[in-house]
Structure formats: structure tokens, C-alpha cells
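# Structural overview
Here are the chains, one letter per residue:
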Amino acid sequence: MINKIMEISVKAGAMILENGGETYRAEETSVYIAKALGAKNPSAFVTPTVVIVSATDLEGKQYTYMRRITSRTVNLQKIAQINSLSRRLSCRKKKTGVPQAQRLLSKISNAPGHKMPLVAFMAGLSAVFFTLMFGGGLVEALVGFVIGVLLRLILVFFEKLHLNSFIVSVICGAIISMLCEIALVFGIVPSSVTVMTAVLMQVVPGMSIVNAIRDLIAGDLMAGTARLVDAFMVAAGLSSGSAFGLLVVSYAFI
């Protein structure tokens, strides 16, 4: 039974990390769930790439369970559901059994995400509003919408290939800058800078930076520093890719 408890605890913490949650939140969730299900003296050690939970059973025997984190995305709905499950297990007077907790966690894990057409449309819509916010016109906003939709479809394709985040950032930056410059060359937009900046906003690692700051404030210095470095690498990839795309279009049309 203790093995199942440890598995549930680690899986919950891993899901927090994989869906964009903070390190300290993953640690707290793992500990709360393990304690609620009957584990003794649970403790968790979490970094952006691994979740380790240790606890003892009723006989005092020590158990440790580890899970490697290989993919990360942003799904705040799943984080909220796991938080609700953790509170439900911790606060309920009649303890929830391990099989029931396992079913609830699996239900959250296997819950379908948003439909791809909706995700692509909202990505394009975000580019529209960013373009207007940065002072662009309606034509630039329309171009930003089209490029934003294409970028989201490209990102979905890259997710299936499981490419390195730096490589994905370089490619995305190059594609965005080339499309924006092509729109400028053909006279569709008066300036490509506004559209390029607006579309890039959906791949800027804002969530990683915020989580890194929150981890540092919470005292998780190693995790916070690792997240900051990861965000810096993504930003560097976007910058390098954008510069490369500009050079390609300049040599092709000049």
C-alpha cells in the first residue's frame, strides 16, 4: 500500500511541474497527499527536472520514490484540479482511500485539453491585442493574427517531436521574423517590428520567469536559479532566431 501512496504523491507533484506550477507548490502537494493517504513523515525534494518523495510506513521502514520530468507545458486548469484534490484529501474527515485517490488523479491526468482550433484562434487573437497595444493598426493586427495562428500550429508540431526548447525557440524566432519581413517587403504592413514583437509575446517565457521569482522568494534557490537560466536560454534562442530570419530575408530580397 505504501508503494501506491508514494506513486500517487510523486505523480501529483510531477503533474504540477509538467503543467507550469512552481517548485514549492509541487513539494507541498506531494507532502500533503502522502500524509493524507497514511504515509508517515513524508518529505519531498523537487527541482524543475525531478520529483523525489520519501516517507515511512507504519512499521518505520523508509521508502523513496522518484520521477524524472522530461516535458513541460502550461495548463493552469490541471494545477487547480490537483490543488483541489490535495485539499480534499487533507481536509476530509473520512479519509479517501488510495484506490479512489488514484482514480481521481488519473482522471485529472487524462482529462482532454482545449480543442486545437480554439487554441490556435486564441493564439492569433492574443497577437491581435498585443499588436494594438504596441501601437499597430488594424492591418498589422490582422497580419499578427495570421502569423500567430501559424506559430501555434508549428509549436504543436514541435511538441510531438519532443525537440529541445532552445532549438524550438530558435526556429520559432526565425519563422516569425521571416514572415513579418516578407509582409513588409510586399507592402502589406508599414513596419514589421510591431507585428514581430506582438507575435513573439506568446513564446516569451513569462511564466518561467514568474515561477523562478516565486521559487526564489519561497527559499528554493536551486530551483529558482535553474528556472531563470532556462528562461534566459529560451529568450536567447528567440533573439538568435529572429536575427537569423531577418538576415535570410534581407539577402533574399535585396
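In this report, we go over the structure that sits alongside the text. Predicted model only: the values in this text are computed from it and were never measured. (Residues numbered from 1 in each chain as written. Predicted model: local features only at pLDDT ≥ 70, side-chain atom pairs only at ≥ 80, totals over all residues. Heavy atoms only, no water.)

## A look at the overall build of the protein
From N to C terminus, the protein includes ten helices and three strands. Moving toward the C terminus, one meets the helices and strands of the protein in the order α-α-β-β-β-α-α-α-α-α-α-α-α. In terms of principal-axis extent, the alpha carbons of the protein reach across some 75 × 30 × 30 Å. Here the protein holds 254 residues, and 43% of them are scored as buried. The long-range share in the protein, meaning contacts at least 24 apart out of those at least 6 apart in sequence, stands at 64%. Split by element, the accessible area of the protein, about 13700 Å² in all, is 66% carbon and sulfur. (Helix = DSSP H or I, 4+ residues; strand = E, 2+ residues; numbered from the N terminus. Buried < 20%, exposed > 50% of the residue type's maximum accessible area, 1.4 Å probe, protein only. Contact = heavy atoms within 4.5 Å. Areas by Shrake-Rupley, 256 points an atom, 1.4 Å probe, with all protein chains shown as cover.)

## Let's talk about the sheet that holds strand 1 (residues 40-47)
What holds strands together in a sheet is hydrogen bonding between their backbones, with the strands either parallel or antiparallel. Read from one edge of the open sheet, three strands run 1-2-3, paired in antiparallel fashion. Looking at the sheet topology across the chains shown, the edges are occupied by strand 1 and strand 3 (62-68). Each adjacent strand pair in this sheet contributes to an overall mean axis angle of 10°, direction not counted. Bridge count for strand 2 (residues 50-56) against strand 3 is seven bridges, and the pairing is antiparallel. Counterpart to S54 in the pairing with strand 3 is T64. Packed onto the sheet, helix 2 (residues 23-36) meets strand 1 and strand 2 and runs at close to 155° relative to strand 1. (Pairing = 2+ DSSP bridges. Axes fitted to C-alpha atoms, helices over the stretch in contact; angles between N-to-C directions.)

## Concerning the packing of aromatic side chains
As enumerated under the stated definition, the model contains three aromatic pairs in all. Taking 5.8 Å as the distance between ring centres and 75° as the angle between the ring planes, the aromatic pair formed by F121 and F145 counts as edge-to-face. In this pair, F121 is assigned in helix 5 (residues 116-133) and F145 in helix 6 (residues 138-161), connecting sequence segments 24 residues apart. Judged by its relative accessible area of 42%, F121 falls in the partly exposed class. For the pair F157 and F158, a centre-to-centre distance of 5.9 Å together with 50° between the ring planes defines the contact as tilted. (Phe/Tyr/Trp six-rings, centres within 6.5 Å; stacked < 30°, edge-to-face > 60°.)

## Here's the deal with helix 6
Here helix 6 spans 35 Å end to end across 24 residues, near enough to the 34 Å set by a 1.5 Å rise per residue. Along helix 6, the residues that are buried comprise E140, A141, V143, G144, I147, G148, V149, L151, R152, L155 and F158. In this structure, the buried side of helix 6 is in contact with helix 5, helix 7 (165-185) and helix 8 (193-200). Residue H162 follows helix 6 closely and has a positive phi angle near 55°. (Expected span 1.5 Å × (residues − 1).)

## With respect to the packing of helix 2 against helix 9 (residues 206-218)
At their nearest, the axes of helix 2 and helix 9 sit 8 Å apart, and the two run at 60° to each other. Judged by the angle between their axes, helix 2 and helix 9 are oblique. The residues of helix 9 that touch helix 2, namely those facing T23, Y24 and R25, are R214, D215 and A218. For the contact of helix 2 with helix 9, the class distribution of residues is two nonpolar, one polar and three charged. (Parallel < 35°, antiparallel > 145°, perpendicular 65-115°, else oblique. Nonpolar A, V, L, I, M, F, W, Y, C, P; charged D, E, K, R; others polar.)

## Notes on the packing of helix 3 (residues 76-91) against helix 4 (residues 98-109)
Look at helix 3 against helix 4: their axes get within 10 Å of each other, and the N-to-C directions meet at 170°. With respect to their mutual orientation, helix 3 and helix 4 come out roughly antiparallel. On helix 4, the residues touching K78, Q81, I82, L85, R88 and L89 of helix 3 are Q100, A101, L104, L105, I108 and S109. Each residue belonging to the contact of helix 3 with helix 4 can be placed in one class, and the counts come to seven nonpolar, three polar and two charged.

## Quick word on the pattern of salt bridges
Here the idea is simple: oppositely charged side chains can pair when their charged atoms come close. Within the structure shown, the criterion is met by three salt bridges. E22 is the partner of R25 in a salt bridge, and the nearest nitrogen-oxygen pair spans 2.7 Å. Exposure remark for E22: the relative accessible area of 5% places this residue in the buried category. Between R227 and D215 there is a salt bridge, and its shortest N-O distance comes to 2.9 Å. With a gap of twelve residues between them, R227 in helix 10 (residues 221-253) and D215 in helix 9 connect regions that are remote in the sequence. Of the two residues, R227 and D215, both sit in the buried class. (Salt bridge = Lys/Arg side-chain N within 4 Å of Asp/Glu carboxyl O.)

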